[in-house]
Amino acid sequence: MKYTHIVFDVDGTLIDTAQSELQALRQALCEVMGQAKPDCELNTVFGTTGRMGLQILGYTPEEIDRIYPRWYELSVATIGQSPVFPGIPALLETLDRRGLALGVVTSRSYEAYLLGAKPHGMEAYFKTVVCRDDTARHKPEPEPLLAYLGRAGAQAGRTLYVGDSAFDVACAKAAGVDSALAGWGTQDKGLPATYYLEKPADLCAFL
């Protein structure tokens, strides 16, 4: 088997947070800025850190300091209620049974990651977890995946990163890691990932 490590993004890959996260951002912008932006614009922020996402939306550092704490508060309050994607529990169990090392690289804080993973019992599968606070630079830069490789003692050529966004695909490419696009959660099925997966079971099929 080519891959020994399978690494996952969280939002849009393991957990279906799209609607709850969008609502949290909408509410934060409404409360703090008195603004409403179209969903197509808000969707561009997901896949990287919250502060970087707000910068993408054009907010100043001072505005971000006001918006971000409220967005984070609303986001953390709802992630534990977000459903896991169908097929993910069976996928993790199968990969673990096959002896593959499983990990997470996410732009969320470790606190938010646990709040999302624990209700579904997923955290036990992941031996190495790299979160927002573990690196100075974030996706789409390679640092998060490079940090994973260093911590896990993994080889780039034998590691596969599964994610749903352009930031995930770019991070993997920059780190020299193959990527698999989570078709069940992505908003852009044309992203240039190494592999395209229509459903979680597809990963087991091609491995």
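The rules we used
- Residues numbered from 1 in each chain as written.
- Predicted model: local features only at pLDDT ≥ 70, side-chain atom pairs only at ≥ 80, totals over all residues.
- Heavy atoms only, no water.
- Buried < 20%, exposed > 50% of the residue type's maximum accessible area, 1.4 Å probe, protein only.
- Helix = DSSP H or I, 4+ residues; strand = E, 2+ residues; numbered from the N terminus.
- Arc of directions from axis to C-beta.
- Contact = heavy atoms within 4.5 Å.
- Salt bridge = Lys/Arg side-chain N within 4 Å of Asp/Glu carboxyl O.

A. Representation of helix H7 (residues 143-152) in the model. Along H7, the residues classified as buried are Pro144, Leu145, Tyr148 and Leu149. Buried residues of H7 fall within an arc of 140 degrees about the axis and therefore sit on the same side. For H7, the secondary structure elements touched by its buried residues are strand E1 (5-8), strand E2 (101-105), strand E3 (128-130), strand E4 (159-163) and helix H8 (166-175). At the C-terminal side of H7, Gly153 shows a positive phi close to 65 degrees.

B. Structural context of the pattern of salt bridges. Going through the model one piece at a time under the given rule, you end up with 17 salt bridges. Across the salt bridge formed by Lys139 and Asp9, the nearest N and O atoms sit 3.1 Å from each other. One end of the pair, Lys139, is in the loop between E3 and H7; the other, Asp9, is in the loop between E1 and helix H1 (18-33), and 130 residues separate them in sequence. By relative accessible area, which is 1% here, Lys139 ends up buried. Of the charged contacts, one joins Arg70 and Glu31 as a salt bridge, the two residues approaching to 2.6 Å between their closest N and O atoms. Remark: Glu31 occurs in helix H1 and Arg70 occurs in helix H4 (residues 61-79); sequence separation between them is 39 residues. When its relative accessible area of 23% is taken as the criterion, Arg70 is described as partly exposed. The network of salt bridges with common partners includes Asp9, Lys139 and Asp168.

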